[in-house]
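# Observations on the three-dimensional arrangement
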Amino acid sequence: MEARTITALGLRARVLEVDGGDRGDPIVLIHGDGGWAETWRAVMRPLAATGRRVLAIDLPGFGESERPGKVRYFDPKDAFYPSFVLAAMDELGVHRAHIVGQSMGGAVAYMTGVSAPTRTRSLVLVAPGGVGRDLPPFLRLCAIPGFGLIARLPRSKAAARDVLATCFHDPRLMTPELIDEASRYGNASFPEFIRALGAGVGLRGVRPALREAWIARASRHAGPVLVLWGKEDRVLPVSHASAVHEVFPHAQVHLVERCGHLLMAERPDEFLAATLPFLARAEEAVAA
């Protein structure tokens, strides 16, 4: 797995790449709010083994990517995140890709897909944000005005581990690498986590006007869609999955037993068992 630095929208960004060849379209992986590129570590090499380039991007302000200034993260008129993903794809020489996102990264993948459908071969959305409006209290509390000041206070390694544990059904499956990265990347990016969260979430949950504006664009992406959700997700409840077909009537929905929010890290085999044939079918459909 090779790390490289690119510049997209004037921001320095880190990308992890496993180059499996060009037998299929590249795969772009987008982590969730507070995440980092290595959250995809367990599935990157198996995905690349199918003959595809696999690219995991640190979103700005997360991992080792430069923090953005004042941007419109999700604004329907000038959304920062899909513009950044497309600019990163340009820098990486990727014209069209399977775009895969988890949690907030799922929302970013969706926005990218409906903003640039000709550049999106398929969408794989892992417990994507924005499908449902209701959120657990701890996320809504983070949207309280002024919480960003608290986010700047020092945080312990134990706090980082505890937050990571909420993303697992079985915390014993957290790897030492993820625990170390949660302290190194998760703690440092907490202020950006609050900024991004506050842009899309209020005290009552996902901002309705924002959600409705983006869902109204769903028909722009007519390609294949796969949605994966852990049945024991404590961050974004699996009940949200029932609304998927209101957004994408043709979407495939796969629920994973004994799995929390970070599905690709907790249950990588189940992720791959659903995703690999889906990607192959997506390319076969175009070839046909």
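Our subject is the structure listed above.
Below you will find a few notes about this structure. Predicted model only: the values in this text are computed from it and were never measured. (Residues numbered from 1 in each chain as written. Predicted model: local features only at pLDDT ≥ 70, side-chain atom pairs only at ≥ 80, totals over all residues. Heavy atoms only, no water.)

Tallying secondary structure elements over the protein gives 12 helices and 10 strands in all. Whereas a compact globule of 288 residues would reach a radius of gyration of roughly 19 Å, the protein reaches 17 Å, a difference of no more than 12%. For the protein, the spread of C-alpha atoms along the three principal axes comes to 55 × 40 × 40 Å. Considering the protein as a whole, with its 288 residues, one finds that 57% of them fall into the buried category. Put simply, 76% of the contacts in the protein that link residues at least 6 apart link residues at least 24 apart. Just so you have it, the protein exposes about 12,300 Å², and 55% of that area is on carbon and sulfur atoms. With 34 positive and 31 negative side-chain charges, the protein shows a spacing of 5 Å between the two charge centroids. (Helix = DSSP H or I, 4+ residues; strand = E, 2+ residues; numbered from the N terminus. Rg over C-alpha atoms; globule rule 2.2 N^0.38 Å. Buried < 20%, exposed > 50% of the residue type's maximum accessible area, 1.4 Å probe, protein only. Contact = heavy atoms within 4.5 Å. Areas by Shrake-Rupley, 256 points an atom, 1.4 Å probe, with all protein chains shown as cover. Lys, Arg positive; Asp, Glu negative; His and termini not counted. Charge placed at Lys NZ, Arg CZ, Asp CG, Glu CD.)

Evaluation of the coordinates by the stated rule reveals 15 salt bridges. Across the pair Arg-72 and Asp-75 runs a salt bridge whose closest N-O atoms are separated by 2.9 Å. For the salt bridge of Glu-257 with Lys-231, the shortest nitrogen-to-oxygen distance reads 2.8 Å. Highlighted residues: Glu-257 in the loop between strand E10 (252-256) and helix H11 (263-266) and Lys-231 in the loop between strand E9 (225-230) and helix H10 (244-247), separated in sequence by 26 residues. Connected through shared salt-bridge partners, Arg-14, Glu-38, Asp-58 and Glu-64 make up one network. (Salt bridge = Lys/Arg side-chain N within 4 Å of Asp/Glu carboxyl O.)

What follows deals with the nonpolar core. Leu-29, Trp-40, Leu-47, Tyr-81 and Phe-271 are the most contacted members of the largest nonpolar core, which has 99 residues in total. No other element matches helix H2 (residues 80-91), which puts eight residues into this core. Apart from the residues lying within four places of it in its own chain, the contact partners of Phe-271 are Trp-40, Val-43, Leu-47, Val-100, Val-126, Leu-228, Leu-263 and Met-264. (Core = buried A, V, L, I, M, F, W, Y, C linked by side-chain atoms within 4.5 Å.)

Attention now moves to the packing of H2 against helix H3 (residues 104-115). Packing of H2 against H3 leaves a shortest axis separation of 8 Å and a crossing angle of 75°. Taken together, H2 and H3 sit at an angle that is classed as roughly perpendicular. Each of Tyr-81, Pro-82, Val-85 and Leu-86 in H2 lies in contact with H3, whose residues at this interface are Met-104, Val-108, Met-111, Thr-112 and Ser-115. For the contact of H2 with H3, the class distribution of residues is seven nonpolar, two polar and no charged. (Axes fitted to C-alpha atoms, helices over the stretch in contact; angles between N-to-C directions. Parallel < 35°, antiparallel > 145°, perpendicular 65-115°, else oblique. Nonpolar A, V, L, I, M, F, W, Y, C, P; charged D, E, K, R; others polar.)

Note on aromatic pairs: each is described by the distance of the centres and the angle between the planes. Scanning all chains against the criterion turns up 10 aromatic pairs. Taken together, a centroid distance of 5.4 Å and an interplanar angle of 50° make the contact between Tyr-73 and Tyr-81 tilted. The structure contains a cluster of three or more aromatic residues connected by ring pairs, namely Tyr-73, Phe-74, Phe-80, Tyr-81 and Phe-84. We note Arg-184 situated over the ring of Tyr-185; from NZ or CZ to the ring centre the distance is 4.8 Å. (Phe/Tyr/Trp six-rings, centres within 6.5 Å; stacked < 30°, edge-to-face > 60°. Lys NZ or Arg CZ within 6 Å of the ring centre and 35° of its normal.)

Strand order across the open sheet formed by eight strands is E1-E2-E4-E3-E5-E6-E9-E10, with mixed pairing between neighbours. The sheet is open, and its two borders are formed by strand E1 (2-8) and E10, each paired with just one other strand. Averaged over all adjacent pairs, the angle separating strand axes in this sheet is 20°, with direction ignored. As defined by bridge partners, strand E2 (residues 11-19) adjoins strand E4 (residues 53-57) across five bridges and the pair is classed as antiparallel. Its bridge partner being in E4, Leu-16 is matched across the sheet by Ala-56. Of the strands in this sheet, strand E3 (27-30), strand E5 (97-102) and strand E6 (120-126) touch H3, which is tilted by about 150° from E5. (Pairing = 2+ DSSP bridges.)

Judged by how many residues are buried, E9 sits mostly within the fold: six of six residues are covered. Across four bridges, E6 lies against E9 in parallel orientation. Bridged to Leu-125 within E9 is Val-227. When E9 meets E10, the two strands line up parallel, connected through five bridges. Across the sheet, the residue bridging to Val-227 is Val-253, located in E10.

Although it is not a glycine, Ser-103 adopts a positive phi angle of roughly 60°. Considering the arrangement of structural elements, one finds Ser-103 in the loop between E5 and H3. Phi is positive for Ala-127, close to 45°, though the residue is something other than glycine. Position of Ala-127 relative to the elements: it lies in the loop between E6 and helix H4 (137-141). By relative accessible area, which is 1% here, Ala-127 ends up buried.

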